[in-house]
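# Structure assessment
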Amino acid sequence: MIALTIAGSDSGGGAGIQADLKTFQELGVFGTSAITALTAQNTLGVHDIMAAEPAFVVAQLHALFEDFEITAAKTGMLFSPAIIDVVAATMQQQHIPLVVDPVMIAKGGATLLAQQAVQTMKEVLLPVATVCTPNIPEAEVLAGMTITTASDVAQAAQRLMALGAKNIVMKGGHLSGVDAVDTVFLEDGSVFTMTTPRIDTKATHGTGCTFSAAITAGLANGQELKEAIIEAKRFIQAAIVHPLGIGHGHGPTNHFAYNRYDCEVFVDEA
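Overview of the structure. Remember, predicted model here, so these are calculated numbers, not experimental data. (Residues numbered from 1 in each chain as written. Predicted model: local features only at pLDDT ≥ 70, side-chain atom pairs only at ≥ 80, totals over all residues. Heavy atoms only, no water.)

### Concerning unusual backbone geometry
Not every positive phi belongs to a glycine, and phenylalanine 79 is a case in point at roughly 75°. For phenylalanine 79, the position within the fold is in the loop between strand E4 (70-75) and helix H3 (81-92). (Helix = DSSP H or I, 4+ residues; strand = E, 2+ residues; numbered from the N terminus.)

Here is the structure:
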């Protein structure tokens, strides 16, 4: 099976295109990529960004779709309104699942989405998303509200679904609590949570990219969405629990861990 990532390049290898392709490989999927931006980046932060021309992003996508039978795709760092526009227009023509990771801020605090691009993401990208995977800060921006409680999580998810995203994974890593609780809202109206112990670690660079890439790989492999989401949670939890110890800042997750260690996720049907 073949998956596609449309995202920025992380020269440090922990996030972006590099994290996505590593995740695809570990999950038995051939990975293709369309690069939206280059970053000069390491575990200490993003030092520079050079965005691709929108026409070149389209050229990459057209080259891929004319030759490969891609069965699922994801977006990561898209950076500008123009890039979001062309990606959304291209993906609207494809009849494959699209996982949207609404990347806005790097782990070190750098802005990866221009402020004027937020509205474009809401208007043109979310309506073509099969599933959107925001963390709490991203969901707050997209939903236009503060999120601190389970009720807030549900309300924000409904706002994102009203914008057109069919399914929402509200990642709970930024919420307080002994455990990390992700809440999943599916288009059939069902809701479930995924709970894992909160890990005290700085090795969290690329967690959002990796998690969304794992969902994409599952969908590319023909898994049902719920199954793909739960397996992706196992993948990222294993990657966090077994860090590599690389770099002097926010280290990368361990993409090797899923196939080397068992990792439990408690799933509760709401």
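### Looking at the pairing of strand E2 (residues 30-42)
Sheet topology places strand E1 (residues 2-10) next to E2; 9 bridges connect them, and they run parallel. Bridge assignment links alanine 7 to a residue of E2, and that residue is isoleucine 35. As a crossover connection, the stretch from E1 through helix H1 (residues 16-26) into E2 is right-handed. Two strands pair when backbone bridges link them, and E2 and strand E3 (residues 45-51) are joined in this way by 6 bridges, in the antiparallel orientation. When the bridges of E3 are listed, glutamine 41 appears paired with valine 46. Two successive antiparallel strands, E2 and E3, enclose a turn made up of 2 residues. (Pairing = 2+ DSSP bridges. Right-handed = clockwise from strand over helix to strand, strands pointing away.)

### Digging into the side chain of threonine 193
Mapped onto the elements, threonine 193 comes out in strand E9 (residues 191-197). Ignoring any residue separated from it by four or fewer positions in sequence, one finds threonine 193 in contact with Val181, Asp182, Thr183, Phe266, Val267 and Asp268. (Contact = heavy atoms within 4.5 Å.)

### So, the packing of aromatic side chains
Scanning all chains against the criterion turns up 2 aromatic pairs. The positively charged end of lysine 226 is found above the aromatic ring belonging to phenylalanine 192, 5.0 Å away from the centroid. (Phe/Tyr/Trp six-rings, centres within 6.5 Å; stacked < 30°, edge-to-face > 60°. Lys NZ or Arg CZ within 6 Å of the ring centre and 35° of its normal.)

### What to know about helix H2 (residues 54-65)
Given a rise of 1.5 Å per residue, 12 residues ought to cover 16 Å, and the 17 Å separating the end C-alpha atoms of H2 matches this to within 8%. If you check which residues of H2 are buried, you get Val57, Val58, Gln60, Leu61, Leu64 and Phe65. Projected down its long axis, H2 carries its buried residues within an arc of 160°, all on one side. Across from the buried face of H2, at angles greater than 90 degrees, the exposed residues are Ala55 and Phe56. (Expected span 1.5 Å × (residues − 1). Buried < 20%, exposed > 50% of the residue type's maximum accessible area, 1.4 Å probe, protein only. Arc of directions from axis to C-beta.)

### Some thoughts on the pattern of salt bridges
All chains considered together, the criterion is met by 4 salt bridges. Between lysine 233 and aspartate 182 there is a salt bridge whose closest N-O contact spans 2.9 Å. Pair noted here: lysine 233 is in helix H8 (residues 225-241) and aspartate 182 is in strand E8 (residues 179-185), with a separation of 51 residues, a long-range link. Put simply, glutamate 231 and arginine 234 hold a salt bridge, and the shortest N to O gap is 2.8 Å. Placement of both glutamate 231 and arginine 234 in helix H8 is noted, with a separation of 3 residues, approximately one turn of the helix. Here arginine 234 falls in the partly exposed class, since its relative accessible area comes to 26%. (Salt bridge = Lys/Arg side-chain N within 4 Å of Asp/Glu carboxyl O.)

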